Amino acid sequence: MTEATKPDRGRLRIDEEECKGCGLCIEACPPKVIALSERMNRYGYRTALYAGSGCTGCGICFLVCPEPGAITVLRLVSPGATRAAEGAAA
Amino acid sequence: MSDQAVAEYTVARGKAKSFYPRYERKSELQHQTHFCPGCGHGNIHKMLAAAIDELGVQDRTIMIGPVGCGVFTYYYFDVGNVQAAHGRAPAVATAMRRSRPESIVISYQGDGDLSAIGSAEILHAANRGENITVIFVNNAVYSMTGGQAAPTTLLGQKSTTTPNGRSPAAGEGYPLHVSELLATLEAPVYIERVGLGDNKQIAQAARAIKRAVENQVRGLGFSLIEVLSPCPTIWKQTPVEAQHWVRDVMEKTFPLGVFCDRTKERGPQALERLAARAAQPEPALADLPRILGVAEEDLPEGHAHAIAPEQTVDMQVRIAGFGGQGVLLLGEVLAEAGLDAGLEVSWLPSYGPEMRSGTSNCHVRISREAVDSPLVSAPNVLVAMNEPSLRKFDKSVRAGGWVIYNGSEFPSDCRREGVHVLALSFTEMADAMGDKRAANMVMLGAALEIAGVLPQASVAAALRRLVKNPRWVELDERAIARGRELFKESLAAV
Ligand SMILES: Cc1ncc(C[n+]2csc(CCOP(=O)(O)OP(=O)(O)O)c2C)c(N)n1
Ligand code: SF4
Ligand code: SF4
């Protein structure tokens, strides 16, 4: 069982239509896994983009984001069950 | 990778239930708030919505919106919403909370709204200890109108109305410390200033806002949270710069912290009160006379003495005299009798500036329809208990109306044409009956006979209700009967 195969404790969903690209989440994220997209959304904002891995599920980006639904933070439900599954695969 | 596929995730932080899924605003922007990128109003909205969700009070929350950038609370919060005139949200919140005691009322206000035009409303709501929650968004400027100085503008801060930077020497005063000021009052339960200056501050702001709503849910009293909130647009900063400006600059003028916390001392007491109230069942309607200490037979009989429905009723009576002549009681008996007869009534006393030996008068309306205004500016019956009162109101009597004047000599220069006059020394008549203070009731008798609509049973019931001393009830009844006779005699004499 290696670090690389361990599932992230959290995941991010970012609503590109609601994000206004203020960048506060990027500044606030402790593991720095959010960046601004190169592409603009249809309102002319470069929106927040999740790197795809490394989220710890801390929820700080949600707290600092001024938009009601731009960010959704998900957390891993049952690390124990997952570890069991990993064990079976090994 | 295959491990990731079996890993299950659930939403830990997402859009609050207390927000509408889509906002009823411009059709192309219904999935976005109207706030600028990085605006603190958005964070504060989210904190409030989360608090409402977590406390489970969405269905009984009423949000009072301000004038300013926060004006559109009703677009976003799926709760009851009222938008108040500039600065008046605490007054509206007071009315809402008092008339709907089960509701959770939140007054949401900017610093221009709360600390400038609305400074009186917030001060008195706090001083009365209204059981409301106030969210005070301090961004140190009037943002919506383009960045004029607010009472909270920092010293040296440039705004469109302090172009050289706010300066007390230029007559622009000092930043107003609202939380500190309100914390000198005795009534408020909880006052805290928080900021949106960094992650830690933001987390604390969310806790404070939840606490302020929770205080209201627990019935503790007035809570206010002041939030130092970035306005990147007017401050001409990037959202990240504006956030840091709150922590690095604004906080120096407005220190964060709790300025008042009486939740512990109010807590158990308030809870006990609530519990006691809940334990006590509401009295049954039939029990009210016993609780109020009135005998069953003295209660308004409603339609018991109701008058014939085809009879039109429009009594507009003005009664005037010296203080002590029983002007107000005369009016009260009249109105109460109308009530007893199942009619719509109003009684409006109008006091002179002097408390003693001044003049007084009152307005009485009795009608079959709901009374639109209690004012009687054109009476159809004027009861003038002395000459000055006659002179004051004689011109106002409607054509065809009646003037009942307490004096055998009707002043020759007072109005007679177009009106009927009954001028007698009612005081002397009352004196002859045993007490000149019953003159008002003799005049009432005449007025009742003129109007001819109110049954004597209603008048007697009203008297018994308003006059406690049986000796006086007896005298007043005789006085009223005497007044009726006097009127009939005067008609016969014509
Ligand atoms: C009676 C009245 N006076 C003045 C205005 C103009 N006005 C609209 S918003 C505003 C100031 C709002 O500032 P603030 O309360 O700080 O809110 P912000 O926009 O900064 O969030 C003023 C003066 C008004 N709408 N009504
Ligand atoms: S904080 Fe919110 S609005 Fe700002 S960039 Fe991040 S997701 Fe977008
Ligand atoms: S002007 Fe300022 S307070 Fe108003 S919405 Fe924009 S950032 Fe927010």
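The rules behind each value
- Residues numbered from 1 in each chain as written.
- Chains lettered and ligands numbered in written order.
- Predicted model: local features only at pLDDT ≥ 70, side-chain atom pairs only at ≥ 80, totals over all residues.
- Heavy atoms only, no water.
- Pairing = 2+ DSSP bridges.
- Helix = DSSP H or I, 4+ residues; strand = E, 2+ residues; numbered from the N terminus.
- Axes fitted to C-alpha atoms, helices over the stretch in contact; angles between N-to-C directions.
- Buried < 20%, exposed > 50% of the residue type's maximum accessible area, 1.4 Å probe, protein only.
- Near = heavy atom within 4 Å.
- Nonpolar A, V, L, I, M, F, W, Y, C, P; charged D, E, K, R; others polar.
- Core = buried A, V, L, I, M, F, W, Y, C linked by side-chain atoms within 4.5 Å.
- Contact = heavy atoms within 4.5 Å.
- Polar contact = N/O pair within 3.5 Å; in protein donor to acceptor, adjacent residues only side chain to side chain.
- Left-handed = near helix turned anticlockwise from the far one by under 90°.
- Buried area = accessible area lost by both parts, 1.4 Å probe.
- Salt bridge = Lys/Arg side-chain N within 4 Å of Asp/Glu carboxyl O.

1. Considering the sheet that holds strand β5 (residues 133–138) of chain B
Residues and elements named next belong to chain B.
Part 1 of the reasoning: Spatial ordering of the open sheet is given by β3-β2-β4-β5-β9-β8-β10, a layout of seven strands whose pairing is mixed. The sheet terminates laterally at β3 (80–83) and β10 (257–261), the two strands that pair on one side only. Across the sheet, the axes of successive neighbouring strands diverge by a mean angle of 15 degrees, strand direction being ignored.

2. Let's talk about the pairing of β5 of chain B
Residues and elements named next belong to chain B.
Part 1 of the reasoning: With respect to burial, β5 is a largely interior element, six of its six residues being buried.
Part 2 of the reasoning: The alternating pattern of β5 places T133, I135 and V137 and V134, F136 and N138 on opposite faces, both of which are buried.
Part 3 of the reasoning: Examined bridge by bridge, strand β4 (residues 104–110) and β5 share five bridges and lie parallel to one another. Across the sheet, residue G110 finds its bridge partner in β5, namely V137.

3. Re the site of ligand 3
Part 1 of the reasoning: In the vicinity of ligand 3, the contacting residues are F35, C36, C39, H41, C69, N139, S143, C231, P232 and T233 of chain B.
Part 2 of the reasoning: Of the residues contributing to the shell around ligand 3, the split by class is six nonpolar, four polar and no charged.

4. Here we look at the pairing of strand β4 (residues 71–76) of chain A
Part 1 of the reasoning: A large share of β4 of chain A lies buried, amounting to five of its six residues.
Part 2 of the reasoning: Across five bridges, strand β1 (residues 10–14) of chain A lies against β4 of chain A in antiparallel orientation. Following the sheet pairing, I14 of chain A is matched in β4 of chain A by I71 of chain A.
Part 3 of the reasoning: Relative to strand β1 (residues 9–13) of chain B, β4 of chain A runs antiparallel, the two sharing four bridges. Bridging from a neighbouring strand, L74 of chain A pairs with V11 of chain B of β1 of chain B.

5. A word on the nonpolar core
All names here are of chain B.
Part 1 of the reasoning: Counting 47 residues, the largest nonpolar core has L334, V383, I404 and L454 as the members making the most contacts within it.
Part 2 of the reasoning: Element by element, the count of residues in this core is highest for helix α16 (residues 439–451), at nine residues.
Part 3 of the reasoning: Those residues in contact with L454, other than ones at most four positions away along the chain, are M315, L334, A337, G338, A341, L343, I366, L448, V459 and R484.
Part 4 of the reasoning: Ranked by size, the runner-up nonpolar core spans 40 residues in total, among them L48, I135, I209 and A212.

6. Things to note about the environment of N139 of chain B
Residue and element names in this part refer to chain B.
Part 1 of the reasoning: Relative to the helices and strands, N139 resides in the loop between β5 and β6 (141–142).
Part 2 of the reasoning: The class of N139 is buried, set by a relative accessible area of 6%.
Part 3 of the reasoning: As for N139 and T152, which are separated by 13 residues in sequence, their C-alpha atoms are 8.0 Å apart.
Part 4 of the reasoning: Discounting chain neighbours no more than four positions away, the residues touching N139 are H41, D111, S229, C231, W235 and M250.
Part 5 of the reasoning: A polar contact of 3.2 Å, which involves the side chain of N139, links it to the side chain of S143.

7. Thoughts on the packing of helix α17 (residues 456–466) of chain B against helix α18 (residues 470–493) of chain B
Residues and elements named next belong to chain B.
Part 1 of the reasoning: Remark: α17 packs on α18, axes separated minimally by 10 Å, with the N-to-C direction vectors making an angle of 145 degrees. Pair α17 / α18 crosses with right-handed handedness. For the pair α17 and α18, contact is made by Q456, V459, A460, L463 and R464 and by V473, D476, E477, I480 and R484, respectively.
Part 2 of the reasoning: A breakdown of the residues in the contact of α17 with α18 according to their chemical character gives five nonpolar, one polar and four charged.

8. A closer look at the side chain of R365 of chain B
All names here are of chain B.
Part 1 of the reasoning: Relative to the elements of secondary structure, R365 occurs in strand β13 (residues 359–367).
Part 2 of the reasoning: The exposure class of R365 is buried, given its relative accessible area of 12%.
Part 3 of the reasoning: Of the polar contacts made by the side chain of R365, one reaches the backbone oxygen of S373; its length is 3.1 Å.

9. Examining unusual backbone geometry
Residues and elements named next belong to chain A.
Part 1 of the reasoning: Even without glycine at this site, K32 takes up a positive phi of about 55 degrees.
Part 2 of the reasoning: In this structure, K32 sits in the loop between α1 (24–28) and β2 (34–40).
Part 3 of the reasoning: Since its relative accessible area comes to 52%, K32 is described here as exposed.

10. Considerations on the interface of chain A and chain B
Part 1 of the reasoning: If you look at the interface, chain A gives 39 residues, while chain B gives 36 residues.
Part 2 of the reasoning: Taking both partners together, chain A and chain B bury about 3300 Å²; carbon and sulfur atoms supply 59% of that area.
Part 3 of the reasoning: Along the contact surface separating chain A from chain B lie zero salt bridges.
Part 4 of the reasoning: Breaking the side of chain A that touches chain B down by element, the ones donating at least two residues are β1, α1, α2 (60–64), β4 and α3 (79–89) of chain A.
Part 5 of the reasoning: Grouping the constituent residues of the side of chain A that touches chain B by class yields 21 nonpolar, seven polar and eleven charged.

11. Quick notes on the environment of N361 of chain B
Residues and elements named next belong to chain B.
Part 1 of the reasoning: Residue placement: N361 occurs in strand β13.
Part 2 of the reasoning: Along the backbone, N361 and A320 are 41 residues apart, and their C-alpha atoms lie at a distance of 4.1 Å.
Part 3 of the reasoning: Apart from residues lying up to four places away in sequence, N361 is in contact with R318, I319, A320, V327, L328, L348, P349, S350 and F393.

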